[in-house]
Amino acid sequence: MKRKDAAMVCFSGGQDSTTCLFWAKKHFERVEAVCFTYGQKHALEVQVAERIARGADVPFHLLDVSLISQLDPNNSLVNDSIAMDETKPSDSYPNTFVPGRNMVFLTFAAILARSLGIKHLVTGVSEADYSGYPDCRDTFIRSLNVTLNLAMDDQFVLHTPLMDRDKSEVWALADELGVFDLVRTQTLTCYNGIIADGCGHCPACLLRKRGLEKYLSTKKA
């Protein structure tokens with residue numbers, strides 16, 4: 001398949017976005033990465049993202065959208081006084097949900113991409129294996145794609161290569177792309193800011209671990 005021109009990847013240095021970065025490198029002639037500070041507790045996330053992008057020879061952009069944490073500090077990713085939900089409450093979203101985050105990220109990514117002549121945006125959201133966040137749904141991505149095109153009178157295309165993949169399938173994709181070891185040892189998925197296997201008990205680590213175990217058992221079989 002002929003590779004398309006250029007893509008901008010929303011990049012955090014975690015398992016999903018790193019897999020998406022290398023997926024984009026396979027499918028596009030030119031790839032750039034944009035990372036965001038939004039008041040998250042762990043500055044290490046940005047350092048990891050920049051290191052991986054540089055190693056992949058991908059231009060790295062860092063944008064400050066910390067206004068998000070000022071508008072709504074009532075989540076455990078930006079507020080140290082809130083204990084993190086380790087299971088999803090039955091009647092609401094987990095308190096790791098940052099309202100509007102993906103909408104803001106993709107909107108700013110589109111503005112930056114437009115200035116660089118890039119029409120394709122890549123994000124690692126997934127409906128298959130996630131915490132119930134509304135801004136990870138395919139319907140949201142499709143809706144935002146239309147809105148961005150109308151807002152800027154342009155023709156962006158939002159790509160979600162992980163949308164229908166559970167975490168074991170994300171590991172499989174990383175392996176297929178030749179970056180399994182990099183994703184396993186260099187990415188930062190943990191909500192407690194620990195690289196690679198992480199803390200082992202936060203929701204992000206549990207998803208990652210279960211997916212890895214499932215993939216490895218399938219691979220051995």
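Bear in mind the structure is a predicted one, so any value in this text is a computation, not a measurement.

A. Expanded view of the packing of helix α6 (residues 167–176) against helix α8 (residues 203–220). The N-to-C vectors of α6 and α8 enclose an angle of 65 degrees; their axes lie 7 Å apart at closest approach. Considering only the axes of α6 and α8, their crossing is right-handed. Along the contact surface, α6 presents Lys 167, Ser 168, Trp 171, Ala 172 and Asp 175, while α8 presents Leu 207, Arg 208, Gly 211, Leu 212, Lys 214, Tyr 215 and Lys 219. Of the residues in the contact of α6 with α8, the class split is 5 nonpolar, 2 polar and 5 charged.

B. Quick peek at helix α2 (residues 44–55). The end-to-end C-alpha distance of α2 is 16 Å, a good match for the 16 Å that 12 residues give at a rise of 1.5 Å each. Looking at α2, one finds that the buried residues are Glu 45, Val 46, Val 48, Ala 49, Ile 52 and Ala 53. Seen from one end, α2 has its buried residues packed into an arc of 160 degrees, which puts them on one side. Where α2 is buried, its residues touch α1 (15–27), β2 (28–37), β3 (60–64) and α7 (180–186). Among the residues trailing α2, Asp 57 stands out with phi positive, at a value near 60 degrees.

C. Spatial organisation of the packing of aromatic side chains. According to the stated counting rule, one finds 6 aromatic pairs in the structure shown. Chaining the aromatic ring pairs together yields one cluster made of Phe 36, Tyr 38 and Phe 105. Residue placement shows Lys 219 over the ring face of Phe 180; its charged tip is 5.8 Å from the ring centre.

D. Spatial organisation of the pattern of salt bridges. Under the defined criterion, the tally for this structure stands at 9 salt bridges. Glu 50 is the salt-bridge partner of Arg 54, the closest N and O atoms lying 3.2 Å from each other. On the criterion of helical spacing, the pair formed by Arg 54 and Glu 50 is a turn pair, its members being 4 residues apart in helix α2. For Arg 54, a relative accessible area of 49% corresponds to the partly exposed category. Where Asp 154 meets Arg 114, a salt bridge forms, and the shortest distance between an N and an O atom there is 3.3 Å. Of this pair, Asp 154 sits in the loop between α5 (138–152) and β5 (157–159) while Arg 114 sits in helix α4 (residues 101–115), placing them 40 residues apart in sequence. We classify Arg 114 as partly exposed; its relative accessible area is 45%. Three or more residues are tied together by salt bridges with common partners; here these are Arg 114, Lys 119 and Asp 154.

E. How the structure looks around the side chain of Thr 19. For Thr 19, the location among the structural elements is in helix α1. Aside from chain neighbours lying at most four places away, what touches Thr 19 is Leu 162, Val 170, Leu 173, Ala 174, Leu 177 and Val 183.

F. Fine view of the environment of Lys 26. By the element assignment, Lys 26 lies in helix α1. Judged by relative accessible area, Lys 26 falls into the partly exposed class, the value being 45%. For the pair Lys 26 and Lys 4, spaced 22 residues apart in sequence, the C-alpha separation works out to 9.7 Å. Those residues in contact with Lys 26 that lie beyond four places of it in its chain are Arg 3, Glu 176 and Leu 177.

G. Summary view of the environment of His 61. Note that His 61 resides in strand β3. Each C-alpha atom of the pair His 61 and Glu 50 lies 8.6 Å from the other, and the pair is 11 residues apart in sequence. Residues contacting His 61, with those up to four places away along its chain left out, are Met 8, Glu 32, Ala 33, Val 34, Cys 35, Leu 112 and Leu 116. Engagement of the side chain of His 61 in a polar contact is seen with the side chain of Glu 32, the distance being 2.5 Å.

H. Region of interest: the packing of α1 against α6. The interhelical angle for the contact between α1 and α6, taken along N-to-C directions, is 40 degrees, at an axis separation of 10 Å. With respect to α6, the axis of α1 lies oblique. α1 and α6 meet at a crossing whose hand is left-handed. When α1 is examined against α6, the residues Gln 15, Asp 16, Thr 19, Trp 23 and Lys 26 are found in contact with a partner set consisting of Lys 167, Val 170, Trp 171, Leu 173, Ala 174 and Glu 176.

How each quantity is defined
- Residues numbered from 1 in each chain as written.
- Predicted model: local features only at pLDDT ≥ 70, side-chain atom pairs only at ≥ 80, totals over all residues.
- Heavy atoms only, no water.
- Axes fitted to C-alpha atoms, helices over the stretch in contact; angles between N-to-C directions.
- Helix = DSSP H or I, 4+ residues; strand = E, 2+ residues; numbered from the N terminus.
- Left-handed = near helix turned anticlockwise from the far one by under 90°.
- Contact = heavy atoms within 4.5 Å.
- Nonpolar A, V, L, I, M, F, W, Y, C, P; charged D, E, K, R; others polar.
- Expected span 1.5 Å × (residues − 1).
- Buried < 20%, exposed > 50% of the residue type's maximum accessible area, 1.4 Å probe, protein only.
- Arc of directions from axis to C-beta.
- Phe/Tyr/Trp six-rings, centres within 6.5 Å; stacked < 30°, edge-to-face > 60°.
- Lys NZ or Arg CZ within 6 Å of the ring centre and 35° of its normal.
- Salt bridge = Lys/Arg side-chain N within 4 Å of Asp/Glu carboxyl O.
- Polar contact = N/O pair within 3.5 Å; in protein donor to acceptor, adjacent residues only side chain to side chain.
- Parallel < 35°, antiparallel > 145°, perpendicular 65-115°, else oblique.

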